Every structure is written in C-alpha cells, then in structure tokens.
2 protein chains.
Amino acid sequence: MGEFDLIARYFDRPVRRSPLGIGDDCALLQPAAGMQLAVTSDMLVEGRHFLSTVDPRRLGHKALAVNLSDLAACGARPLAFTLSLALPAVDQAWLAGFAQGLFALAGEHGCELVGGDTTRGPLCINITAFGEVPAGRALLRSGARPGDDLWVSGTLGDARLALEAFRGTIALPQAIFEAARLRMEQPQPRVALGQALLGIATSAIDISDGLLGDLGHILRRSGVGASVQAACAPGLLAATGAGLQLDETLLQELVLAGGDDYELAFTAPAAQRDDVTAAAARAGTAVTCIGSIAATPGLRVLDAAGLPLPRQFAGFDHFR
Amino acid sequence: MGEFDLIARYFDRPVRRSPLGIGDDCALLQPAAGMQLAVTSDMLVEGRHFLSTVDPRRLGHKALAVNLSDLAACGARPLAFTLSLALPAVDQAWLAGFAQGLFALAGEHGCELVGGDTTRGPLCINITAFGEVPAGRALLRSGARPGDDLWVSGTLGDARLALEAFRGTIALPQAIFEAARLRMEQPQPRVALGQALLGIATSAIDISDGLLGDLGHILRRSGVGASVQAACAPGLLAATGAGLQLDETLLQELVLAGGDDYELAFTAPAAQRDDVTAAAARAGTAVTCIGSIAATPGLRVLDAAGLPLPRQFAGFDHFR
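Only a predicted model underlies this, so the values are computations on that prediction, with no experimental measurement involved.

In terms of helices and strands, chain A carries 11 helices and 11 strands. Computed over the C-alpha atoms, the radius of gyration of chain A is 20 Å, within 12% of the 20 Å expected from 2.2 N^0.38 for a compact globule of 320 residues. With the C-alpha coordinates of chain A rotated into their principal frame, the extents come out at 65 × 50 × 35 Å. Taking all 320 residues of chain A together, the buried fraction comes to 54%. Excluding contacts between residues fewer than 6 apart, the proportion of contacts in chain A whose partners are at least 24 apart in sequence is 85%.

Written out as structure tokens, the structure is:
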C-alpha cells in the first residue's frame, strides 16, 4: 500500500465545515465573522507519550484529545485538525484502529481532518488543531486575580497511578488498574466546560504536566501567587473513591504533580461561584474548588491546619 | 536546560501580526475580513528527509521552506506557523543554528512562529504553516483545462543530483556539487510567484515528489491529460547550465522525476502567456512553458519528434 492509498483508505473524509479538506497543497479554513482561530499543536512520540503496546484506537483518541484539551483551555469550539504521522511500516490493522479512535472523538466534537502528512519513520504523531473563539474573549493564562477561587475539573492523578503500575512501582487491583489505564490512555478533553466558562473564568490551563507545574504557568503569566488545599487530594483521585488506600505522600504526589490528566485548572472571582457550578452542570463536568489566588507570589500547598507543606513537587519536563 | 528554557531561549519571539503567540494553551490567529486561511503541515524525519550531517541552519530553513512552498502553490501569503520538535537531546549549538535558519526564512516572508511543542525523541520536525488567500480565489489542483499551457518555475532536478552524489551513484565537480547541495538543503519557496499567479493560473502544485508524479495530482483532480516536452529537460537542470554533461536518460530522470525541487508546476490559458511572464517578472522568478493540457487522459512525455517516450517515470512515495 502506497502513501496516497493509505491516506485515501484511512484518513480522507469529506469536509463539511471547512471550504477545502485533504487533497490539495493546503486546506482552507474560514472562521466565522468576529471569531479568532485558536491553534494548538502536540507531538506524541512512541515510548515517551505512549507505550508501544497501547491499543491503537486509544492512541488515535488520545492524539486528538490532548489537542482538544488545549482548545478547551482557551474556551474554543473545535473546528478542524491536521495530522502528521511517521510510521515505521504500513500496518493496516493498526491504521484502522488508530483511525477509528481518532474519528470517533473527532466526530463527537464536530472537528474534521483537513490535511497533514504521512511518512516513514519512528512512530511519531503530530496533530495541529483549530477552534473558534469570539475575538478577544479566549481564556488565557494571564487573567488570574488576587481573591479568585482556584478550581479544577474532574479527577486528577489516576493517569499517573496507571503509569506507576505499568512501571511496577505499585500493584493495583485489576478493576482499579483498568479504570486508571483508561484515564491514561483515553483522556476526555473538557471541551464543553471550556466554552461554558467563557465570560466566567479569569484564566485557565489544561493540566498535562501535573497540576502544580501547570498552575505555575498561570501564576507567572498573571503575576500572582496561590494556595492549594492538600486536603482536596483524596477526593480528586478517582481510585480513592473506588476504595484504593494510598500513603498520603504518594496520594498528594499523584494528584498534585501526576501529569497526563487533561483536566482544566481555572480561576474565577469568588463572587461567581454559582456561575462556575452552573457552567459545570451545563457542561456535565464536576468541578472542585481547591484553593485561591493571592497577591503574594509563590505557590503554597497548605495542610489541614493551613500551614505550608514542606515538600517540593516537580512538574513534568521532557528535558530534565 | 529544561523544556521551557529551551523554548524561551531559541523559539519565543514576540508576535506582531497574530493576536497571541507562544506561551498559552493555544495561539490566536485572525485572518483579515474576506480572507480564507490556507493550512499545510509537513513532517521531516532524520535519515529520510535530511541527512544527520546537514547544517542545522539549512535544516531550519528547509523545514519551513517546504511548508511555505505549499502556501505558494495555493497563492497564499504566509502569516504564521507552529513548530513541533522531537529532539534526542538538547544540543545548544544545533538549536541555535536551526533557529537561525528557521527565523531567517520566516523573517523574509513575514511569517511568525506562534506555538508548537518540544519533546524528547528521534529527531523529527513538524511545521504547520498558515497563510491568507482571498476567499474563493486559492489556486487549486483541480482547475486545469484542455488547451492550458503547462509551466514550471525555476530549475528542476538539481536536488536529486545532489542526493545521487551523496549516495555515490554519480561523481560531481566540487562547485556543481555545492550548488546542487544548496538546492537540496535550502530550497527557495516560490511565495511571490504563487501570489502573482492568483487570477492567472488555473491550477498549481508544488513539486516535492518529482514533476511528473506531482503533475499527476493536477491531472487526476482536474480530469484532464497533459503532454510534456522532454526537450525542456536540459534547460531546466541548473547543473547543465554550469557545464555538467549527463547521459540523456539520467538527465530526464532527474528533471522529470527527481523530487525535492519545491518549484511550482502550474497551468494557465494559452491566451494568458503574457500575463504569466509578467507575473513571473514581478515575482523575480524564471518560468518555462514545458507542455500543455489535453482533454485526453494520461501524461505523455514527448520527444523532439512529438512521439511519446516509452520510459516510465516513478514519483516518490514514502511507502513504496
């Protein structure tokens, strides 16, 4: 099977929202009047972002999900994406599974594949995704203000729990392992929540490298500090709710610095708590208030007595 | 050096034309009223698209050039791009060179880096580039009509000549090798020509996989055939002009099916020959009429007597 047959069989689908899709030198996009185009790009490398044994359907889902998560963090509505794929060889079963997972998620969000590239090489996937957001209203990292509440969506730490189980540093009951593995391999981008928070949240980011590390980006760009209640950690790990008992230090590490969560962390004025919970209800996504923004720089994780934990948490960095 | 320091040092430059650049979950683009956004994405893999020994400045140039070439083939004006980079390790001299070549070409075309991703992995570069084109006026592959002239820009085959010299299948005088190598490693995208041909050319494509293979895409999408004059081949190889003598069969192979040229092949009504040459003069790019479009399907390479050459030419395909 050649390059062009491969594209035709697995990836060339008619476009409905874009003026021109796959098959020319460029695709054409046309954002509606008054809209800006939000653009994000994520590269996934075998052995670093996913295990070589992962179900290709889950991988197809995840490759798009991590990009939709960035669109969500800006409050953008997904429109389209391009896919670049380096493949060591043409494995039709793998391609069919990958395409199935990819297009299932794309279809859920009305996000269409408009172009890309295929080549031979070590397995590497790059997706660039496009969304629309009303001009000047995108959620940015720079808008957090002292006194704002600090919120997170969904649950945190389960993806890292699964990674630790794969690494053999922890043993998990089968049901808990499978649930955590699903979390790691098939994250659900908070697309509806991001859009529901437009006009309510003052800042947002998606949590990919661990809550505290990503929160640090909001603090730096907003010129503020924050405190986070460590007591929220048990309630945020889904595995805890499913009955898993963990040492408190490990639990905090997973939830506060685990990585690969693809939840949203966001800030909103304390006076808008009801608006936040109403937006979350509309989006069908749970949210938890975990702390607050302060004028004093720095990120403080507080124990039940309100005292800073002495421990350091490290965000994920590909080159450290 | 960590991931965020690496981005800050080598890639984070202020944006002037885009509402938001590097540093948030998404970049924001806003095409002018009445414009469509042309989008293209190309992935370059070490050992496949470039040699591991290539000067990183030339590689930075080429990674963007191949995308600008796609924008050129649509007649789009470059606006912005994202860069995803998988690196085996942080090599600061390499990064500095790569960024220098990349931004030099970007600056020439007013095309700004607005986002992307960096990760560790086998060296792989993906750029997605964005350009503006008046709505409904983009040059497409589907517009060639019987009777149109068939044109190419610049010179063809020299990049492949350099590749063959690297492979050891041909020996070249040093000056000719260096010129051909520059062509292979640092192609010049025909951005000004593409825009100058808006409203004149009926179809266009950029030549990356070899003239005849890429021309085939125009013919299929336009539902037409074409004949190409083999006699044009010697005049299109720059090395011939520099005095290199080559066997006729090899010369035709290089020019008609060489690959990595990043010139434009385009069609235009025969009645608009003067418009084509005027547009080429405005763009400062030589163009050559090499054949014509016919209603009869198929691609015929004709000898000086007007008879079809019996030889087959194969376009480049990553999976054959």
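All right, on to the domain arrangement of chain A then. The parts lose accessible area when they come together, and the size of an interface is often stated as this lost area. Residues and elements named next belong to chain A. In terms of domain boundaries, chain A breaks down into domain 1 (3-134) and domain 2 (149-302). Listed per partner, the contact involves 18 residues of domain 1 and 18 residues of domain 2. Mapped by element, the contributors of at least two residues to the side of domain 1 that touches domain 2 are helix 2 (56-73) and strand 3 (77-87). In terms of residue count, the dominant contributor to the side of domain 1 that touches domain 2 is helix 2 (11 residues). Per-class residue counts for the side of domain 1 that touches domain 2 are 10 nonpolar, 4 polar and 4 charged.

Here the focus is the interface of chain A and chain B. Each partner contributes residues to the interface: chain A has 56 residues there, and chain B has 56 residues. Elements with a contribution of two residues or more to the side of chain A that touches chain B: helix 1 (3-10), strand 1 (27-29), strand 2 (35-45), helix 2, strand 3, strand 4 (112-120), strand 5 (124-134) and strand 7 (203-207) of chain A. In the side of chain A that touches chain B, the residues fall into 27 nonpolar, 16 polar and 13 charged.

We now examine the sheet that holds strand 7 of chain A. All names here are of chain A. Sheet architecture is open: 6 strands sit in the order 7-9-6-10-8-11, paired in mixed fashion. The outermost strands of the open sheet, each flanked by one partner alone, are strand 7 and strand 11 (298-302). Within this sheet the neighbouring strands show an average axis-to-axis angle of 25 degrees, counted without direction. With 5 bridges joining them, strand 7 and strand 9 (residues 263-268) adopt antiparallel strand pairing. Across the sheet, residue A204 finds its bridge partner in strand 9, namely F266. Of the strands in this sheet, strand 6 (149-153), strand 7, strand 8 (225-229), strand 9 and strand 11 touch helix 7 (residues 211-222), which is tilted by about 155 degrees from strand 7.

All names here are of chain B. The terminal C-alpha atoms of helix 7 (residues 211-222), which comprises 12 residues, lie 16 Å apart, in line with the 16 Å expected from a rise of 1.5 Å per residue. Most of helix 7 sits inside the fold, with 9 of its 12 residues counted as buried. If you check which residues of helix 7 are buried, you get L211, L212, G213, D214, L215, H217, I218, L219 and S222. Along its buried surface, helix 7 packs onto strand 6 (149-153), strand 7 (203-207), strand 8 (225-229), helix 10 (248-257), strand 9 (263-268) and strand 11 (298-302). Of the residues one or two after helix 7, G223 is the one with positive phi, at around 65 degrees.

A word on the nonpolar core. A general trend in soluble globular proteins is that nonpolar side chains are found buried together. Judged by nonpolar contacts, the single largest core of 196 residues is most densely connected at A38(A), A265(A), A38(B) and L211(B). Ignoring anything within four residues of it in the chain, the contact list for A38(A) reads L71(A), C74(A), A76(A), F130(A), G131(A), V133(A), A138(A), C26(B) and L28(B).

Remark: a regular strand shows side chains that alternate across the two faces of the sheet. Residue and element names in this part refer to chain A. Two elements, strand 6 and strand 10 (residues 287-294), share 5 bridges in a ladder whose sense is antiparallel. When the bridges of strand 10 are listed, L150 appears paired with G291. As defined by bridge partners, strand 8 adjoins strand 10 across 4 bridges and the pair is classed as antiparallel. Looking at the pairing, S227 lines up with S292 of strand 10.

For chain A, the mean per-residue pLDDT works out to 95, and 98% of the residues sit at or above 70. Among the scores for the predicted complex, ipTM is 0.94 and pTM is 0.95.

Let's shift gears to the environment of L197(B). All names here are of chain B. With respect to the element layout, L197 can be found in the loop between helix 6 (191-196) and strand 7. Residue class for L197 comes out buried when judged on the 28 C-beta atoms lying within 10 Å of it. Between the C-alpha atoms of L197 and R273, which are 76 residues apart in sequence, the distance is 12 Å. Filtering out sequence-adjacent residues up to four positions away, L197 remains in contact with G75, L139, A204, F266 and A279.

Turning to the sheet that holds strand 7 of chain B, a few remarks are in order. Residues and elements named next belong to chain B. Strand order in the open sheet formed by 6 strands is 7-9-6-10-8-11, and the pairing between neighbours is mixed. A single partner strand is all that each edge strand has here, and the edge strands are strand 7 and strand 11. In this sheet, neighbouring strand axes are inclined to one another by 25 degrees on average, regardless of whether the strands run parallel or antiparallel. Relative to strand 11, strand 8 runs parallel, the two sharing 5 bridges. Residue pairing across strands places G225 opposite G298, the latter belonging to strand 11. Most of the contacts of helix 7 go to strand 7, to which it runs at about 155 degrees, and overall it touches strand 6, strand 7, strand 8, strand 9 and strand 11. Together, strand 6, strand 9 and strand 10 (287-294) form the strand contacts of helix 11 (residues 273-283), whose direction differs from that of strand 10 by roughly 145 degrees.

For these two chains of identical sequence, chain A goes onto chain B by a turn of 180 degrees and a shift of 0.0 Å along the axis, with RMSD 0.0 Å. What the rotation and shift describe, once combined, is the action of a two-fold rotation axis. Residue by residue, 100% of the interface of chain A is reproduced at the interface of chain B, so both copies engage with the same surface.

About the cut-offs
Residues numbered from 1 in each chain as written. Chains lettered and ligands numbered in written order. Predicted model: local features only at pLDDT ≥ 70, side-chain atom pairs only at ≥ 80, totals over all residues. Helix = DSSP H or I, 4+ residues; strand = E, 2+ residues; numbered from the N terminus. Rg over C-alpha atoms; globule rule 2.2 N^0.38 Å. Buried ≥ 20, exposed ≤ 12 C-beta atoms within 10 Å, placed from the backbone. Contact = placed C-beta atoms within 7 Å. Domains from an automatic or database assignment. Nonpolar A, V, L, I, M, F, W, Y, C, P; charged D, E, K, R; others polar. Pairing = 2+ DSSP bridges. Axes fitted to C-alpha atoms, helices over the stretch in contact; angles between N-to-C directions. Expected span 1.5 Å × (residues − 1). Core = buried A, V, L, I, M, F, W, Y, C linked by C-beta atoms within 7 Å. pLDDT = per-residue confidence, 0-100. Least-squares fit on C-alpha atoms with pLDDT ≥ 70 in both.

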